[in-house]
Every structure is written in C-alpha cells, then in structure tokens.
Amino acid sequence: MDKFKLPQRYIGNDKSVWVEYIQLALEHKPLNLGQGFPDFPPPDYITEALKTVCTSDNVLLHQYTRGFGHPRLVTALAQMYSQLIGKKIDPQTEILVTAGAYGALYSSILGHIEEGDEAIIIEPYFDCYEPMVRTAGGVPKFIPLRLKKSSGPISSGDWVLDPTELQNMFNAKTKLIIVNTPHNPLGKVFTKQELEMIADLCKKWNVLCISDEVYEWIVYKPYEHIRIATLPGMWERTITIGSAGKTFSVTGWKTGWAYGPANLIRNLQVVHQNSVYTCTTPIQEAIALGFEKEFPRLGQTDCYFVSLPKELEPKRNYMADFLREVGMNPTVPEGGYFMVADWTPLASKVDLNSEKDQYKDYRFTKWMTKNVGLQGIPVSAFYSDAHKHIAEDFVRYCFIKKDDNLKKACNILTKWKNQREGESTK
Ligand SMILES: Cc1ncc(COP(=O)(O)O)c(C=O)c1O
C-alpha cells in the first residue's frame, strides 16, 4: 500500500484547523463564530446580477471562458485597480482570475518558489501560506508580530514587527515575503511607515512581495488601507491579491484575482493553466457587473465598499465590549472582521484538563464549544510549530454576523460567567 501513500511533498501539511473545527461544529452545534463568513445576505444587486446572468439570452455565459480571466471581469478589475494604483493596468497580461484568493496565493507561491528558496511569513498568518511554500519546495522563515503593550486596551496597531528582527530575516536566499493587510486574524492595518520598512528591504535584497489584500475594503476610520504596490519601486516586485468573496460578502462564490507586472503574472498563469485552467463563467460575469456598479461610486456613501465597514464597526465595538465584560482582553481590530482576545483571565473557569490537545488555546476553544456552546478558533493555528506557544492565550472570533447572533454570543458568555461566579461563591 506504500505505493499509494501521501506524496512526500504533502507530508506534514495534512492537518487543517478548518477541517477539524467544522467537524467539531457539526457534532456540537455551537453558535459558530469560528469561520469567517457573513450570516446575512450579500447586497441585492450582486445576487440580482447572478440571476440576470443565469437567465440571459447569451447562452455562452454557461460555457468555458478565457482561462486567465473572463474578459468582462478582467476589464472591470483593470479599470478599478488602475485608478486605485495610479497606473494603467493591462487586463490581458497583468491580471489573473483564480478560484478564490486561495487560488491566487497558490499560483503566486508555486509560480515563484524554487527548491530551497526562502519565503518570509509574518505571524500570525492565514494558515495556507506555510503548506503552499513547503509544497513548492521552499523554506518558510517566520517572524512574529509582537504585542508591545502589556496592560490596558489593546488595538491591532499594538502588534508590531521588530525592525532589526525583520532586517535579519532577509538574505541572498530570500525569494519572497508575504504581507497581509488588513490582517487576518489580528485586524492590523499596516501603516505607511511599516510598509515602507518592508518595501525597502524587498528592494535591497531583490525580493518579491505577495500582498494579500482580501480585506482591502474593510477598514475602520481613521485607518486607511495602503497598497504596497503603490510605494516607489514596488509595482515591479509586487503581486497583489484580492477576493470577490470578501469584497461582495459572497465567500461561497470563491473567486479571487492577482494583479501585478506582466513578467510576474506570467508565472502565475502557467501554474493556473496547468491546474485549474479556467474559473466559472457566470460567477465571473456577475462579479464584473458588481464592479461596474460600484466603480462610478467608489468612495461615496452609497458604495458598498464604504457602507460595509460602517455597518461592521458597531458590531466590532459591541463584541469588544461584551468580551471585556466577561473578562477577556480583546485586541480591537483596525480592519477585517475578526477579533483576537486573551481568554486567560477566565482560565480558572475552564476545565482544560478534560481536553487532550497540546496547546491551551485548542483546549479552551474545544471546551467552550462542547460545554458553553460558543465556538472560536485557536490562534496558535496561525503560527508555525516553533512559535505556537506565543499564541496559546488567544482565541479568534468573527463578528461579520447578524446583530441577533452577536447578541446570542453575548448572552451565552454572560450567562456562563454569572453561573460560574454563582458556583464559586457557594
Ligand atoms: C487573509 C486571507 N487570505 C486569503 C483568503 C482566501 O480567500 P478566498 O475565500 O477568496 O479564497 C482568506 C479567507 O479567509 C483570508 O482570510
């Protein structure tokens, strides 16, 4: 049977927190604030667009489209990003449409890493970066964002890179760095100064920057999303990644893209044409219609990309308040829709010994799912093995949820806290 064992390049990459925690949710049916997707409808016009596409007289919209991206969609993306980047983007050669941002990450990493190349990954990180680098034969080099504050309210801006530590990561073997802003899971929106520090090192060491910007539109005032590709000398060495799932609140549509200079995008196209080849036509057409609607009103109050963060901000504040109320210490995000919180002030109320996992945050989140009925994600899942201990005190919750469900989460935690207090005073 050895003949059919998992190929060596995947060994060690076979565990996934998502597979494990989705199963856990199916078994215990908690209120699930683990996975990152909205539980409310996407904007009407985007579902209407899909309806229109499905019933259109143009029957070809149900057939294969151009492999590197449906013409109407790459045209719409080129129009929008040309304006945002301040540089004319060629829809044919400088954009690739993929199966989710996931597919764009895969094509970017597999299309650039050679055996033995080093890839710098900033911790915590969206968990697929590491296995993609390893599968490509690369060597991931991890640098953690460090919490610079030990007391008082915490913002995602309090998680920072140490400049000397970052400088020391770069060497002649470094092929690329992956930057994620706004950040999952911390919600950090990298400042211009932080991005310049990264950009200067990329230029000094001739390193490629993969900029995962799937939450580009979900930024809370007064913070501002800066595209690293717009910094001087960075367009030439940056691949920027986006997601329709995050942009239009349709994560199940699983469509993403990468844009950058033609010589870099060419490598992604080769990976894509030899794996996925072409993405779904009707979904791409509907997303194109969505961008055509939003482009003329970019930055205005009726633009979904402006109204969504406005809608999410009170949800963020509500969650931060109730987490504090029950005794946790949340990191208030500047962007994205996740909140990381230090759960350890509640450690005495949890029977961690009843769970067998190595890391305390796994035990905490599993115990909470089974006994309290609220599911979060253990933050050590976003760290390399050597650094998982840094994150054991943290849980990640998602707040792009209906107010009703956030209220339920608040009630579950409050009831649990009161119950435990009642028991401890008996
Ligand atoms: C940081 C980050 N990058 C990429 C993705 C993948 O996006 P998609 O669903 O478009 O594949 C996600 C999804 O949660 C994410 O959080």
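A quick note: this is a predicted structure, and the numbers were derived from the prediction, not measured. Position labels on residues start from 1 in each chain and follow its written sequence. It should be noted that, the model being predicted, local features are given only for residues of pLDDT at least 70 and side-chain atom pairs only at 80 or more, the latter also being counted only at that level, while totals for whole chains, interfaces and linings use all residues.

1. Quick word on the packing of helix H2 (residues 44-54) against helix H10 (residues 281-294)
For step 1, the next point in the chain: Angles shown run from 0 to 180 degrees and are taken between the N-to-C directions of axes, each axis being a line fitted to C-alpha atoms and, for helices, limited to the stretch in contact. Put simply, DSSP marks the helices as runs of H or I at least four residues long and the strands as runs of E at least two long, and each gets a number from the N terminus on. Interaxial distance between H2 and H10 falls to 8 Å at its minimum, and their mutual angle equals 135°. One way to sum up the angle between H2 and H10 is to call them oblique. By crossing handedness, the relation of H2 to H10 is classed as right-handed. On the side of H2, the interface is formed by Tyr45, Ile46, Ala49, Leu50, Val53 and Cys54, while H10 contributes Pro282, Glu285, Ala286, Leu289, Gly290 and Lys293.
For step 2, the next point in the chain: By the convention adopted, Pro, Cys, Tyr, Trp, Phe, Met, Ile, Leu, Val and Ala count as nonpolar, Lys, Arg, Asp and Glu as charged, and the other residues, Gly among them, as polar. Residue composition of the contact of H2 with H10, by class: nine nonpolar, one polar and two charged. Orientation is classified from the angle alone, with under 35 degrees giving roughly parallel, over 145 giving roughly antiparallel, 65 to 115 giving roughly perpendicular, and any other angle giving oblique. By the definition used in this description, the sense in which the near helix is turned from the far one sets the handedness, with an anticlockwise turn below a right angle giving left-handed and a clockwise turn giving right-handed. The contact rule is simple: place each C-beta atom from the backbone, and if two of them lie within 7 Å, those residues are in contact.

2. What to know about unusual backbone geometry
For step 1, the next point in the chain: Omega for the peptide link from Thr181 to Pro182 comes to -15°, which places this bond in the cis form.
For step 2, the next point in the chain: The residue Pro182 is located in the loop between strand E8 (174-180) and helix H7 (192-204) in this model.
For step 3, the next point in the chain: Positive phi, normally seen in glycine, also occurs at Asn206, with a value near 50°.
For step 4, the next point in the chain: Within the element layout of this structure, Asn206 appears in the loop between H7 and strand E9 (208-212).
For step 5, the next point in the chain: Positive phi values are uncommon outside glycine, yet Ser249 reaches one of about 60°.
For step 6, the next point in the chain: Looking at the element boundaries, Ser249 is found in the loop between helix H8 (244-247) and strand E11 (256-259).
For step 7, the next point in the chain: According to the C-beta neighbour criterion, Ser249 is partly exposed, with 19 such atoms within 10 Å. Partly exposed residues are those falling between the two cut-offs: more than 12 but fewer than 20 other C-beta atoms within 10 Å of their own, whereas 20 or more means buried and 12 or fewer means exposed, with C-beta atoms placed from the backbone.

3. What about the site of the ligand?
For step 1, the next point in the chain: As a structural note, the neighbourhood of the ligand is formed by 14 residues, with Gly100, Ala101, Tyr102, Phe126 and Ser243 the closest of them.
For step 2, the next point in the chain: Counting residues per element, the shell around the ligand draws most heavily on helix H4 (residues 100-110), which supplies three residues.
For step 3, the next point in the chain: For the shell around the ligand, a count of residues per class yields four nonpolar, eight polar and two charged. Placing a C-beta atom from the backbone of each residue, we mark the residue near a molecule or strand if the atom is within 6 Å of it.

4. Some thoughts on the environment of Ser82
For step 1, the next point in the chain: Relative to the helices and strands, Ser82 resides in helix H3 (residues 71-85).
For step 2, the next point in the chain: What makes Ser82 partly exposed here is the crowd of 16 C-beta atoms within 10 Å.
For step 3, the next point in the chain: For Ser82 and Val179, which are 97 residues apart along the polypeptide, the C-alpha to C-alpha distance reads 21 Å.

5. With respect to the pairing of strand E3 (residues 118-123)
Each regular strand carries side chains that alternate between the two faces of the sheet.
For step 1, the next point in the chain: Most of E3 is tucked away, with six of its six residues classed as buried.
For step 2, the next point in the chain: The two faces of E3 match: Glu118, Ile120 and Ile122 on one face and Ala119, Ile121 and Glu123 on the other face are all buried.
For step 3, the next point in the chain: Two strands pair if DSSP finds at least two bridges between them. In terms of strand pairing, E3 meets strand E4 (residues 139-144) through six bridges, oriented parallel. Following the sheet pairing, Ile122 is matched in E4 by Ile143.
For step 4, the next point in the chain: With the strands aimed away from the viewer, a crossover counts as right-handed if its path from the first strand over the helix to the second runs clockwise. A crossover links E3 with its parallel partner E4, the connecting element being helix H5 (residues 129-135), and its sense is right-handed.
For step 5, the next point in the chain: Judged from the four bridges that link them, E3 and E8 form a sheet pairing that is parallel. Across the sheet, Ala119 pairs through a bridge with Leu176, a residue of E8.

6. A look at the UniProt feature "domain: Aminotransferase class I/classII large" (unreviewed entry) in the protein chain
For step 1, the next point in the chain: On the UniProt side, "domain: Aminotransferase class I/classII large" (unreviewed entry) is annotated at positions that read residues 30-412 here.
For step 2, the next point in the chain: Between the end C-alpha atoms of residues 30-412 there is a gap of 10 Å, over a span that is 36% helix and 17% strand. UniProt positions are given in the numbering used here, feature names are shortened, and annotations may be inferred rather than shown by experiment.

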